[in-house]
Amino acid sequence: MSRNVKTALVLVSIALTTFFGIIAKYWMLNQ
Amino acid sequence: MSAVVDNHGHAAHDEHGGGYHGGIMRWITTTNHKDIGTLYLWFSFIMFLMGGVMALVIRTELFSPGLQWVNPDFFNQMTTMHGLIMVFGAIMPAFVGFANWQIPLMIGAPDMAFARMNNWSFWILPFAGSLLILSFFVPGGAPGVGWTMYAPLTVQMGMGMDLTIFAVHLLGMSSIMGSINIITTILNMRAPGMTLMRMPLFVWTWLITAYLLVAAMPVLAGAVTMTLTDRHFGTTFFNAAGGGDPVLYQHIFWFFGHPEVYIIALPAFGVVSQVIPAFSRKPLFGYASMVYATSAIAILSFIVWAHHMYTVGMPVTAQLFFMYATTIIAVPTGVKVFNWVATMWKGSLTFETPMLFAIGFLFLFTLGGFTGLVLSLVAVDVQLHDTYYVVAHFHYVMVAGALFSAFAGVYFWLPKWTGRMYDETLGKIHFWLTMIFFNMIFFVQHFLGLAGMPRRIPDYPLMFETWNKISSIGAWGFGLSQVFFLYIVLKAIRSGEKAPEKPWEGADSLEWTHLPTPVPHHTWETPPVLK
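Rules used throughout
Residues numbered from 1 in each chain as written. Chains lettered and ligands numbered in written order. Predicted model: local features only at pLDDT ≥ 70, side-chain atom pairs only at ≥ 80, totals over all residues. Heavy atoms only, no water. 1 Å grid on protein atoms, 1.4 Å probe; cavity = no way out; pocket = protein on both sides within 12 Å on 5 of 7 lines; lining within 4 Å. Points joined across faces, edges and corners; volume = space filled by probe spheres on them. Helix = DSSP H or I, 4+ residues; strand = E, 2+ residues; numbered from the N terminus. Nonpolar A, V, L, I, M, F, W, Y, C, P; charged D, E, K, R; others polar. Buried < 20%, exposed > 50% of the residue type's maximum accessible area, 1.4 Å probe, protein only. Patch = residues over 30% accessible without salt bridge, like charges linked within 9 Å, V, L, I, M, F, W, Y side chains within 5 Å. Areas by Shrake-Rupley, 256 points an atom, 1.4 Å probe, with all protein chains shown as cover. Salt bridge = Lys/Arg side-chain N within 4 Å of Asp/Glu carboxyl O. Polar contact = N/O pair within 3.5 Å; in protein donor to acceptor, adjacent residues only side chain to side chain. Contact = heavy atoms within 4.5 Å. Core = buried A, V, L, I, M, F, W, Y, C linked by side-chain atoms within 4.5 Å. Axes fitted to C-alpha atoms, helices over the stretch in contact; angles between N-to-C directions. Parallel < 35°, antiparallel > 145°, perpendicular 65-115°, else oblique. Left-handed = near helix turned anticlockwise from the far one by under 90°.

## Concerning the layout of surface pockets
Residues and elements named next belong to chain B.
Okay, step 1: By volume, the second largest pocket is sized at about 420 Å³.
Okay, step 2: Put simply, the parts of the chain that give the lining of the second largest pocket at least two residues each are helix 9 (246–280) and helix 18 (510–513).
Okay, step 3: A per-element tally of the lining of the second largest pocket places helix 9 first, with four residues.
Okay, step 4: For the lining of the second largest pocket, the per-class residue count stands at 13 nonpolar, six polar and three charged.

Right under this line is the structure:
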C-alpha cells in the first residue's frame, strides 16, 4: 500500500468517524 | 524532507487531458490538475453570478419599503439560496480551483496525489448545484429557512428541503475528497528540499484549511442527515415534542459553521500572502509566525461556535467562555495583519491590480474582523443579533475578504495560467468600481443594523429607506462591475498581450522562478531539487 493511500485512509477514517459518531451520539442520547 | 512519489508513470500522464481527448470530453475526463483547477474556477464564477442575481432580487425588493416585486416566501427562498450558493458553490470551489492550479506548481509535484478522485471531486459539484436550483421547481419551492437551515423550520419545509439536503451531502463529499487530495499531495509529494517551513504560505494555508474541512464537513453532513431522518424516518433529534432539541441543531451547525468561516478565510490569507510580498519586492515578514498564527486561528475556530447563538439562552459562564475565546482569535489574526503591513513597510511598492485588491482586502477584512470583535461581546450582540449589522459584518469578511482575495489571485496568476496579460487599466477600473460599490452596499448596513433593522425581511419601516436605497443602488453597481470582470478575463484570454516570462518582478515561488509562461500542460515530471 502506497504512502498516499495510507494518508488518505487515515483522513477518510477521521471523516467517517466524525460523521457517524455525531449521529450515533445524539441518537443514543435521545433513547 | 519528503520525496516525490510518482505512482502514475509517464504513460499515465499522457492521459491527463492533453493526449487523447478533445472538445468537451477533454474536460469531462481530465485528470490534469490545471484543467480541474480551471473547471473549478469557471464553475465558481457561474455560481457567483447566479448567487449574485439572487442578491439583486433581494436588494431590488428592499429598494423601497413595502412589498414591490416578490412575495415574502420567495424572498426567503432567495436569501437561503443566495447564501448556500455563494458559500458552497462560489467561494469554496473558487479557492479549491486556486489550490488545484497552484499547489502542485508551488511544491514541485507533477499533479495531485489522486488525479482521478480529483476529477470526481469536481464533477460532483454541477450535480449538487443543479439540485439546489431544481429545488425552486418542486412543490413548495426552494426552502426558505436561511443558509443555516435551522430546525424546526427545516422539518416543516417541502420537498425542496430534501433536494437541498442531498445537495449539501454532495458538496460535503466533494470538499472532503478535495481536502484528502490536498493534504496527501502536500505531505507526500513535495520536491526534494521543499521542507514544510519552505513552502509558500498559500500552500500552508491550504494544508491547514484541508484539515479543517476533513474535521468540520462531516459535522454538517451529520446535522443535515439528522434533519433528513427527522423529516422522513420518525426520529426526533431536533423535535421538542419527541424529546429532541431544536437548539441542539444550532450547536451542531455552528460547530461546523465557525470553522467554515476560516475554511473560506484562510486560503484568502494565503493568496494575499503571495501577492503582497511580490508587489512589495520583499520576502513575507514573519513567515514562521504566519504559519503558527494560521494554525492558532484554525484550532481556536473549533471552540467559539456559540458566539453565533448567544441569544438562545445559555449559562452566563458559557457566554463568557465563548466571548473570551472569540476575542482571543483577534491575536493571531492581528499577527497576520501586522505582518502584511510590515511586509509592505519600506518595500519597493507598485500598485498593479492584484496588489490593489490585496490592499483592499487588508483594509476591508480588518474592518470586518473589527466588527466581529464588536459582535463577540455578549452584551452588544444581544442588541445586534439578527440585525443588518451582522449582515454587514459577514459580508466584509466573505466578500471583501474572500472575494477580493480571489480577484487578487486571478489577476496575479492569470499571466502564468494563460500566457496573456490582462488590461491593467481595465483591471484598475474593476478594482475601484468593486471597492466603491461594495462599501456602498455594506458600509451603510452597519447603520441600518445599529438602528435595529432585522435581517431576512422583505419589508421595513420608512425610517430605514434612505440607507436601503443607497445599498440597493450599490448592489446593482457591484453586480455590473463583476460582468465587467468577466469581460476583462475573456479579453485577456482571447486577445491579451503576450505575458513576459516573469511579469511580477518580486514573485519568488517555484512557478515563477522555475517554470515557463504560460505554464506547460504537464509540469515537474522531473521534480526540481531545491538547495
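## Remarks on unusual backbone geometry
Comment: phi is negative for the bulk of residues other than glycine, and the bulk of peptide bonds are trans.
Residue and element names in this part refer to chain B.
Okay, step 1: Residue P152 follows A151 across a cis peptide bond; omega there is 5 degrees.
Okay, step 2: Structurally, P152 can be placed in the loop between helix 5 (115–134) and helix 6 (153–156).
Okay, step 3: A positive phi is found at M149, a non-glycine position, where the angle reads about 55 degrees.
Okay, step 4: Mapping M149 onto the fold places it in the loop between helix 5 and helix 6.
Okay, step 5: Its identity as a non-glycine residue notwithstanding, R281 has a phi of 55 degrees, on the positive side.
Okay, step 6: Relative to the helices and strands, R281 is located in the loop between helix 9 and helix 10 (287–300).
Okay, step 7: With a relative accessible area of 26%, R281 lands in the partly exposed category.

## Examining a nonpolar patch on the surface
Residues and elements named next belong to chain B.
Okay, step 1: A surface patch of nonpolar side chains, about 380 Å² in accessible area, is lined by F443, F447, L450 and W467.
Okay, step 2: Per-element accounting of the nonpolar patch gives the leading share, three residues, to helix 16 (residues 424–450).
Okay, step 3: For F443, the location among the structural elements is in helix 16.

## Focus: the side chain of H169 of chain B
Residue and element names in this part refer to chain B.
Okay, step 1: Of note, H169 is situated in helix 7 (residues 159–188).
Okay, step 2: Reaching out from H169, the side chain makes a polar contact with the side chain of T225 at a distance of 2.7 Å.
Okay, step 3: Among all residues touching H169, those that are not within four sequence positions of it are A221, V224 and T225.

## Notes on the nonpolar core
Okay, step 1: Within the largest apolar cluster, 187 residues are counted, with the highest numbers of intra-cluster contacts made by F88, W206 and W340 of chain B.
Okay, step 2: With near-sequence residues (within four places) excluded, W340 of chain B lies in contact with F269, V272, S273, I276, L284, M290, F361 and L362 of chain B.

## Quick look at the packing of helix 4 (residues 72–107) of chain B against helix 5 of chain B
Residues and elements named next belong to chain B.
Okay, step 1: Where helix 4 contacts helix 5, the two axes come as close as 11 Å, and the packing angle between them is 165 degrees. In terms of their interaxial angle, helix 4 and helix 5 are classed as roughly antiparallel. Like other packed secondary-structure pairs, helix 4 and helix 5 cross with a definite hand, here left-handed. Where helix 4 approaches helix 5, its residues M81, L84, I85, P93 and N100 are matched on the opposing element by N118, L125, L132 and I133.
Okay, step 2: When the residues that make up the contact of helix 4 with helix 5 are grouped by side-chain class, the tally is seven nonpolar, two polar and no charged.

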